[in-house]
Amino acid sequence: MRRLADALYNIALTLWVGGLWAIGYLVAPTLFAILGGDRPLAGVLAGKLFELIGWIGLACASYLLLFELLRMGTAAWRRRTVWLLLVMLLLTLVSLFGIQPLLAQIKADALPREVMESVLRNRFATWHGVSSILYLVQSLLGLLLVASAGRGPR
């Protein structure tokens, strides 16, 4: 059973961090490049993918934290891995339940125009920038997590 838990740990970590990097830095830019003439469609598709990786992140973070806490007990709180996971989880929660709904509301308020053609353009751009920075931080923390995953026993 321990081998299964260890394998699930590696799978969850790979799925979450790999998904962050693949969606944020490969898929989303490709959508905008290919659908350049239809930026609103590219934005909708990218938004759905960011939402999906947010939900994946919640599930993976829950398992990874549970794994660490059950494996290490209270000593887990002294491990950098647990704190990286907690910060990444917090960033996921802020994005999924704070910023993404706010961006969707700004888009809805801009109707019947596209948000980038409305008076809400600057507000949307500001929150989109905040979201991008948080995503970058989360991606870098994930990179640290993956880099430290191979070091010794958990």
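Fair warning: this is a prediction, and the values are worked out from it, not measured in the lab.

(A) Local environment of the overall build of the chain. Along the chain, the regular secondary structure elements total four helices and zero strands. Mapped in sequence order, the helices and strands of the chain form the string α-α-α-α. Projected onto its principal axes, the C-alpha positions of the chain cover 55 × 30 × 20 Å. Here the chain holds 154 residues, and 36% of them are scored as buried. Here the contacts in the chain between residues at least 6 apart in sequence split such that 70% fall between residues at least 24 apart. Approximately 9,100 Å² of the chain is accessible, and the part contributed by carbon and sulfur atoms is 70%.

(B) A look at the pattern of salt bridges. A full pass over the atoms with the stated rule returns two salt bridges. Of the charged contacts, one joins Glu-68 and Arg-79 as a salt bridge, the two residues approaching to 3.2 Å between their closest N and O atoms. With Glu-68 in helix H2 (residues 39-72) and Arg-79 in the loop between H2 and helix H3 (80-110), this pair connects stretches of sequence that are eleven residues apart. Pair check on accessibility: Glu-68 and Arg-79 agree, each one buried.

(C) Looking closely at the side chain of Ser-118. Tracing the backbone shows Ser-118 in the loop between H3 and helix H4 (121-149). For Ser-118, the contacting residues outside a window of four places in its chain are Ala-110 and Arg-113.

(D) Just the environment of Gly-43, in detail. If you trace the backbone, Gly-43 turns up in helix H2. Between the C-alpha atom of Gly-43 and that of Pro-29, which follows or precedes it by 14 residues, the distance is 10 Å.

(E) Looking closely at helix H1 (residues 2-34). Relative to the 48 Å expected for 33 residues at 1.5 Å per residue, H1 spans 45 Å between its end C-alpha atoms, a close match to the ideal helical length. Helix geometry: H1 is bent most strongly at Ile-23, by close to 40°. Buried within H1 are the following residues: Ala-5, Tyr-9, Ala-12, Leu-13, Trp-16, Val-17, Gly-19, Leu-20, Ile-23, Gly-24, Ala-28 and Leu-31. Buried residues belonging to H1 abut H2, H3 and H4.

(F) Region of interest: the nonpolar core. If you look at the biggest cluster of nonpolar residues, it comprises 26 residues, and the most contacted ones within it are Leu-13, Trp-16, Leu-20, Leu-64, Leu-85, Met-88 and Leu-145. Those elements that place two or more of their residues in this core are H1, H2, H3 and H4. Among the elements that make up this core, the one with the highest residue count is H1 (eight residues). Once you skip the residues sitting within four places of it in the chain, Leu-64 turns out to touch Tyr-9, Ala-12, Leu-13, Trp-16 and Leu-85. In this structure, Ile-99, Leu-103, Val-115 and Phe-124 belong to the second largest nonpolar core, which totals seven residues.

(G) Fine view of a nonpolar patch on the surface. Together, Trp-21, Tyr-25, Leu-136, Leu-140 and Leu-143 make up an exposed nonpolar region whose accessible area comes to about 420 Å². In this structure Leu-143 comes out as partly exposed when scored by relative accessible area, which is 47%.

Cut-off values and rules
Residues numbered from 1 in each chain as written. Predicted model: local features only at pLDDT ≥ 70, side-chain atom pairs only at ≥ 80, totals over all residues. Heavy atoms only, no water. Helix = DSSP H or I, 4+ residues; strand = E, 2+ residues; numbered from the N terminus. Buried < 20%, exposed > 50% of the residue type's maximum accessible area, 1.4 Å probe, protein only. Contact = heavy atoms within 4.5 Å. Areas by Shrake-Rupley, 256 points an atom, 1.4 Å probe, with all protein chains shown as cover. Salt bridge = Lys/Arg side-chain N within 4 Å of Asp/Glu carboxyl O. Expected span 1.5 Å × (residues − 1). Bend = angle between axes of the 7 residues up to and from the residue. Core = buried A, V, L, I, M, F, W, Y, C linked by side-chain atoms within 4.5 Å. Patch = residues over 30% accessible without salt bridge, like charges linked within 9 Å, V, L, I, M, F, W, Y side chains within 5 Å.

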